[in-house]
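Chain by chain, the residues run as shown.
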Amino acid sequence: QDQLVESGGGLVQAGASLRLSCAASGHTFRSYTMAWFRRAPGKDRTFVANINSGSSNTHYADSVKGRFTISRDNAENTMYLQMNSLKPEDTAVYYCAVLKSDNIAIVTPWNYDYWGQGTQVTVSS
């Protein structure tokens, strides 16, 4: 059974760091683009960052550029999101997702094929 499981969320103060992980099982996603999305309270799911299969290309939302870093370890079938200088507006449920192709230009959630259950990140001011 194909499964994505996020971990690493929590409650932190503004300015702190967190590292999210997304572990994939049941299917090898190493040939596909992987991404992070988030859903803030009362808002739609929005793109955060993605990374191509070989980790040579990444793409970030303007709101997180320079603060967040996406990476992946294909040998471990795991993706990460290092989040630094967190702000209260980063508060959201964070989801990992897999696109069944390799194209970081695709940033719309409805195009992604596999999803995790989400992990809550709360940043207090």
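First, a word on scope: everything that follows refers to the structure included in this document. None of the values given here were measured: they were computed from a predicted structure.

All right, on to the overall build of the chain then. On a plain count of helices and strands, the chain comes out with 0 helices and 11 strands. Each helix (α) and strand (β) of the chain, taken in turn from the N terminus, gives the series β-β-β-β-β-β-β-β-β-β-β. On C-alpha atoms alone, the chain measures out to a radius of gyration of 13 Å, which is about the 14 Å that the 2.2 N^0.38 rule sets for 125 residues. Seen along its three principal axes, the alpha-carbon backbone of the chain occupies a region of about 40 × 25 × 25 Å. Put simply, the chain has 125 residues, and 44% of those count as buried. Of the contacts made within the chain by residues no fewer than 6 positions apart, 60% connect residues no fewer than 24 positions apart. For the chain, the exposed surface amounts to about 6100 Å²; the carbon and sulfur share of it is 45%. Distance between charge centres in the chain, computed from 11 positive and 10 negative side chains, equals 4 Å.

To continue, consider the pattern of salt bridges. Under the criterion given, the structure shown has 3 salt bridges. For D90, the salt bridge identified is with R38, shortest N-O distance 3.0 Å. Pair noted here: D90 is in the loop between β8 (78–83) and β9 (92–99) and R38 is in strand β4 (residues 33–39), with a separation of 52 residues, a long-range link. Judged by its relative accessible area of 1%, D90 falls in the buried class. The closest approach of N and O atoms between D90 and R67, which form a salt bridge, is 2.7 Å. Placement of the pair is D90 in the loop between β8 and β9 and R67 in the loop between β6 (58–60) and β7 (68–73), with a sequence separation of 23 residues. With respect to class, D90 is no different from R67; both count as buried. Salt bridges sharing partners connect three or more residues here, namely R38, R67 and D90.

Let us now look at the nonpolar core. W36, L81, M83 and Y94 are the most contacted members of the largest nonpolar core, which totals 35 residues. At the level of elements, β3 (18–25), β4, β5 (45–51), β7, β8, β9 and β11 (119–124) are the ones that each hand at least two residues to this core. Here this core gets 6 residues from one element, more than from any other, and that element is β9. Leave out the neighbours within four places in its chain, and M83 touches A16, S17, L18, L20, R67, F68, Y94 and V121.

Moving on: the sheet that holds β8. The sheet built from 4 strands is open, its strands ordered β1-β3-β8-β7 with antiparallel pairing. The strands lining the two open edges of the sheet, one partner per strand, are β1 (3–7) and β7. Pairwise comparison of adjacent strand axes, ignoring direction, gives a mean angle of 15° for this sheet. Pairing of β1 with β3 involves 5 bridges; the strand directions are antiparallel.

Applying the stated criterion across every chain yields a total of 7 aromatic pairs. Measuring from centroid to centroid gives 6.4 Å for F29 and Y32, while their planes differ by 50°, and the two rings are tilted. Of the residues examined, Y32 reaches a relative accessible area of 18% and is grouped as buried. Feature note: the residues F37, F47, Y95, Y112 and W115 constitute an aromatic cluster, connected by ring pairs. The ring of Y95 has R45 lying over it, and the distance from NZ or CZ to the ring centre is 3.9 Å.

Conventions used here
Residues numbered from 1 in each chain as written. Predicted model: local features only at pLDDT ≥ 70, side-chain atom pairs only at ≥ 80, totals over all residues. Heavy atoms only, no water. Helix = DSSP H or I, 4+ residues; strand = E, 2+ residues; numbered from the N terminus. Rg over C-alpha atoms; globule rule 2.2 N^0.38 Å. Buried < 20%, exposed > 50% of the residue type's maximum accessible area, 1.4 Å probe, protein only. Contact = heavy atoms within 4.5 Å. Areas by Shrake-Rupley, 256 points an atom, 1.4 Å probe, with all protein chains shown as cover. Lys, Arg positive; Asp, Glu negative; His and termini not counted. Charge placed at Lys NZ, Arg CZ, Asp CG, Glu CD. Salt bridge = Lys/Arg side-chain N within 4 Å of Asp/Glu carboxyl O. Core = buried A, V, L, I, M, F, W, Y, C linked by side-chain atoms within 4.5 Å. Pairing = 2+ DSSP bridges. Axes fitted to C-alpha atoms, helices over the stretch in contact; angles between N-to-C directions. Phe/Tyr/Trp six-rings, centres within 6.5 Å; stacked < 30°, edge-to-face > 60°. Lys NZ or Arg CZ within 6 Å of the ring centre and 35° of its normal.

Remember that the coordinates give geometry; whether it matters functionally is a separate question.
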